[in-house]
Amino acid sequence: MKERAKVILVPVDFEEASLKAIELAKDLGARLGHEVVLLHIYQLPVYTYPGLEPALMPGFHAEVSAAASRAVQQLSAQTGGLRALLRDGDPPTEILAAADEEKAAMIVMGTHGRRGLSHLFLGSVAEQVIRKSDVPVLTVRAAR
């Protein structure tokens, strides 16, 4: 088994559930002597049509990346200066990769608690992370 660092990774999407996850992770981190690290993942929309190469407007990636960076740095400042990571890609894949790279002892993340058709069509990032994670995953739901 890999040696784990004293890190609690908290993926954030700026919604209520992930904000609750930050507070829970900070409490756990204080009790356990672990560092809490925020992680935000953004995805660029790509549209494809027959006969047309998928492409983004020039500068779009840089603008989205800069906006995401500003947002996660602002959240870091609001939550006491927690270290923040930013990635571009598929959220479950990037969460698991970051947990591995940071040697996280645990992942604490919000979940939207979708059910039925919305869950079927939108899937669940938290569910995919739980199924594939090598470390414990604690999920936090927003109040309904």
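Scroll up to find the structure.
This structure is a prediction, so every number in the text was calculated from the model and none was measured.

## Topic: the environment of E94
If you trace the backbone, E94 turns up in helix 3 (residues 91-101). Judged by relative accessible area, E94 falls into the buried class, the value being 17%. A C-alpha to C-alpha distance of 9.8 Å links E94 and Y42, two positions 52 residues apart in sequence. Excluding residues that lie within four positions of it along the chain, E94 makes contacts with L39, I41, R87, D88 and G89.

## Quick notes on the nonpolar core
For soluble globular proteins, the rule of thumb is that nonpolar side chains tend to be buried together. One finds L9, L39, I95, I107, M109 and V129 to be the most contacted residues of the largest nonpolar core, which totals 16 residues. Those elements that provide at least two residues to this core are strand 1 (7-11), strand 2 (35-42), helix 3, strand 4 (106-111) and helix 5 (125-132). No other element matches helix 3, which puts four residues into this core. In contact with L9, not counting residues within four places along its chain, are V37, L39, L85, I95, A98, A99, A104, M106, I107 and V108.

Basis of the calculations
Residues numbered from 1 in each chain as written. Predicted model: local features only at pLDDT ≥ 70, side-chain atom pairs only at ≥ 80, totals over all residues. Heavy atoms only, no water. Helix = DSSP H or I, 4+ residues; strand = E, 2+ residues; numbered from the N terminus. Buried < 20%, exposed > 50% of the residue type's maximum accessible area, 1.4 Å probe, protein only. Contact = heavy atoms within 4.5 Å. Core = buried A, V, L, I, M, F, W, Y, C linked by side-chain atoms within 4.5 Å.

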